[in-house]
Each structure stands twice: as C-alpha cells, then as structure tokens.
Amino acid sequence: MTADPTEDRIALQARDVRFDFTELRTDWIPGEPFASHLIDVLHLLLPEGERWFVDVFSRALPMVRDEALAEDVRGFIGQEAVHATSHQGALDHLVEAGVDVTRFVEQVEWIFKELLGDRGLTGDAAREWLVERVGLIAAIEHFTAVLGSWILDSAALDAAGADPHMLDMLRWHGAEEVEHRNVAHDLYTHLDGRWLRRIRAMAVAGPALAKLWVDGTRHLCARDPHLRGTPQRRARLRDYLRDSRRGLVPGPWLFARAVLTYLSPRFHPAAHGDTDAAVAYLAISPAARAAEAGHAGPAEGSAA
Ligand SMILES: [Fe+2]
Ligand SMILES: [Fe+2]
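Calculation criteria
Residues numbered from 1 in each chain as written. Chains lettered and ligands numbered in written order. Predicted model: local features only at pLDDT ≥ 70, side-chain atom pairs only at ≥ 80, totals over all residues. Helix = DSSP H or I, 4+ residues; strand = E, 2+ residues; numbered from the N terminus. Contact = placed C-beta atoms within 7 Å. Buried ≥ 20, exposed ≤ 12 C-beta atoms within 10 Å, placed from the backbone. Arc of directions from axis to C-beta. Core = buried A, V, L, I, M, F, W, Y, C linked by C-beta atoms within 7 Å. Axes fitted to C-alpha atoms, helices over the stretch in contact; angles between N-to-C directions. Parallel < 35°, antiparallel > 145°, perpendicular 65-115°, else oblique. Left-handed = near helix turned anticlockwise from the far one by under 90°. Nonpolar A, V, L, I, M, F, W, Y, C, P; charged D, E, K, R; others polar. pLDDT = per-residue confidence, 0-100.

Caption draft 1: Expanded view of the overall build of the protein. In terms of helices and strands, the protein carries 12 helices and 0 strands. Listing the helices and strands of the protein from first to last along the sequence gives α-α-α-α-α-α-α-α-α-α-α-α. Seen along its three principal axes, the alpha-carbon backbone of the protein occupies a region of about 55 × 40 × 35 Å. Intrachain contacts of the protein at a sequence separation of at least 6 include 84% that bridge at least 24 residues.

Next comes the structure, spelled out in structure tokens:
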C-alpha cells in the first residue's frame, strides 16, 4: 500500500524561507509569557527532532518500492530540513535573549542522537529498528498535522497581537505539515503497516511528547530573565487550561481527539486536515512568497 490515490496528492516542495527574529520579544504574544513559551517548546524540540526525521527517512528511502511514495519521501525530507533550520534560528534567538536552555537542549539531543539513533545495528535488526522509528515518526506527524491545522486557524493569536514574523513561521510550518501529513503514515504502511505496532508507537510517542512539552514550558518560564521574581516564573496547569480556553494554545481535547482518531484501524491522515487551507496560507505567507520570488528583497517586514 502506498499514498492514498483518492486524495489530493500534491508535489511537495521545500521552500527557501527566511525569518528575522532579531526584534522578537520573549513574550512574542504580548503580555502572555506562558502561552509564548508553551509554543516556544517547538524551538527546543524541532531542530534535533526534524533532523532526526531527515536521517531516518533518508535511511528508509532505498527500501521504498513505489516511485510516487519515494517522491513524497524526498519532498518530506526537503521540507523537514528547512523546518529544522528555521526553528534553530528561533532557538538561537532565545539563547541570545538570555534564556539559558542548554540543559534541556542537551537532553533533547541525547534523545534523538543516542536513544533514537541508528545504534550501529546491521541486517534484520537494523531494518526492524528503522521501521520502528518510522512508526514513531508517523505518530509524531499525526500531532504535527493536527497542530498545523490548529495554528492555521488560530485567530486568537492575531487578536492578541502575536509577533507577525513568528506567526508566519508557525503557520508556514503548520501548512507544510498539513501538506505532507500522509507521507510518514504511507511510508510506515509500505514498510510494515501492522496496526498493533502503529498503536504501540503512539503509546510511546504521545506520553513522551506530553512530558517533553510540560518540562520544556516549565524550563523556559523558569529561565526567562524577564520573569525573574514574578509568579509567572512557575508554569502551572491552571495557566495552560486558562490559555487554552482563550484559544492562545491548543487545548487538551485536541490532543485527546487526535489520539482516539489514531487508534482506528482505518485511520488515514488524508481524512483529517484541510490541504486547501494549507495551500491557501502558503500563497499569502510573507516568507513563502519571498522564497518564491527568490528573495529579491528582504522578507516582508524583515529588519534584515
Ligand atoms: Fe516539520
Ligand atoms: Fe512533518
């Protein structure tokens, strides 16, 4: 089985986007450090995480016996590589702003390079470990697609005056996650496809991501120099519930529904998410438009 032939399959392209975060405030949603940092956890996880996606998919590519799927996998690799670089830029900016995230980032590096690395295996063991990791990525990609749909439709962030450069970065990324949401699932299905193994991967990836997100948000709030001596230094569950009710961060039901959806043996990502909405945003994204124009000038609103 390969890419769902009934769905809107589009040629995936990596866009050479650039973002300038030099003027970015640590509370880039003004006056909302908790919500800003909860979303900032992406910058702690994704540079290493998406480089790991690229590594695993590059190793899996020679095993693909379907040219359309191979083309999707190459498109996925190209897009995820640019995502990693873009979030690295945001992470570097956080560090320059005095938020010391070294310890957390080292932990993330260990997870993706050591715990989830290739482990020097050979033969059948190497193949099995590769398929296992593709299954994990398929589970994670279900969340990135759900989050991508959420950020494309998050009017509360505009109303709250969120920084337009950060919002464009998140929405460009979210739109590409929606665009390529089928690829990891199709690759897993092509290489193995067993339901129990897919669910087992979700049982690992879901709680692990939740734990990393809670820890990352706490870490950022505790280390933001602007929050020193304020009660906001302590990130609490009630802050999350409050901000999710206000639409500033994705709510717990979004994740619960995402997991329940994934459990169905008939699950396919094509049935979830709106490719037209993703393509429509990419057509108006300042960074994607500047990339399309070949960066004839700085990205709209860029200080560079
Ligand atoms: Fe991505
Ligand atoms: Fe992705």
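Next comes the rest of the description.
Caption draft 2: Layout of helix α11 (residues 275-284). Residues A278, Y281 and L282 constitute the buried set of α11. One side of α11 holds all its buried residues, which, seen down the axis, span an arc of 100°. Along α11, exposed side chains directed more than 90 degrees from the buried face belong to D276, A283 and I284. Check the buried side of α11 and you find it contacts α4 (123-152), α6 (164-179) and α12 (286-292).

Caption draft 3: Broad picture of the nonpolar core. Judged by nonpolar contacts, the single largest core of 73 residues is most densely connected at V73, V134, I137, L187 and A287. Those elements giving two or more residues to this core turn out to be α1 (33-60), α2 (67-96), α4, α6, α7 (183-191), α8 (195-223), α11 and α12. Not counting residues up to four positions away in its chain, the partners in contact with V134 are V56, A60, A184, L187, Y188 and L191.

Caption draft 4: Main features of the packing of α4 against helix α10 (residues 252-263). Two elements in contact, α4 and α10, have axes whose closest approach is 10 Å; the angle formed by their N-to-C orientations is 135°. Taken together, the axes of α4 and α10 are oblique relative to one another. Relative to α10, the crossing made by α4 is right-handed. Residues H142, F143, V146 and W150 of α4 touch α10, and the partners they reach there are L254, A258 and Y262. Counted by class, the contact of α4 with α10 contains 6 nonpolar, 1 polar and no charged residues.

Caption draft 5: Geometry of the confidence of the model for the protein. When pLDDT is averaged along the protein, the result is 94, and 94% of the positions lie at 70 or above. Low pLDDT, under 50, characterises residues 1-6; the predicted model gives this stretch 17 contacts beyond four residues in sequence or across chains. The low-confidence segment residues 297-304 (pLDDT under 50) makes 17 contacts with residues lying over four places distant or belonging to another chain.

Caption draft 6: Representation of unusual backbone geometry in the model. Not every positive phi belongs to a glycine, and R119 is a case in point at roughly 60°. Its place among the elements puts R119 in the loop between α3 (102-115) and α4.

Caption draft 7: Just the environment of Q107, in detail. By the secondary structure assignment, Q107 is in helix α3. Remark: the alpha-carbon pair of Q107 and R15, spanning 92 residues in sequence, is separated by 30 Å.

Caption draft 8: The packing of α1 against α8, seen in detail. With their axes 8 Å apart at the nearest point, α1 and α8 run at an angle of 115° to one another. The chirality of how α1 crosses α8 is right-handed. Contacts between α1 and α8 pair P33, F34, H37, L38, D40, V41, L44 and L45 from the former with L212, W213, G216, T217, L220 and C221 from the latter. Taken together, the residues of the contact of α1 with α8 break down into 10 nonpolar, 3 polar and 1 charged.

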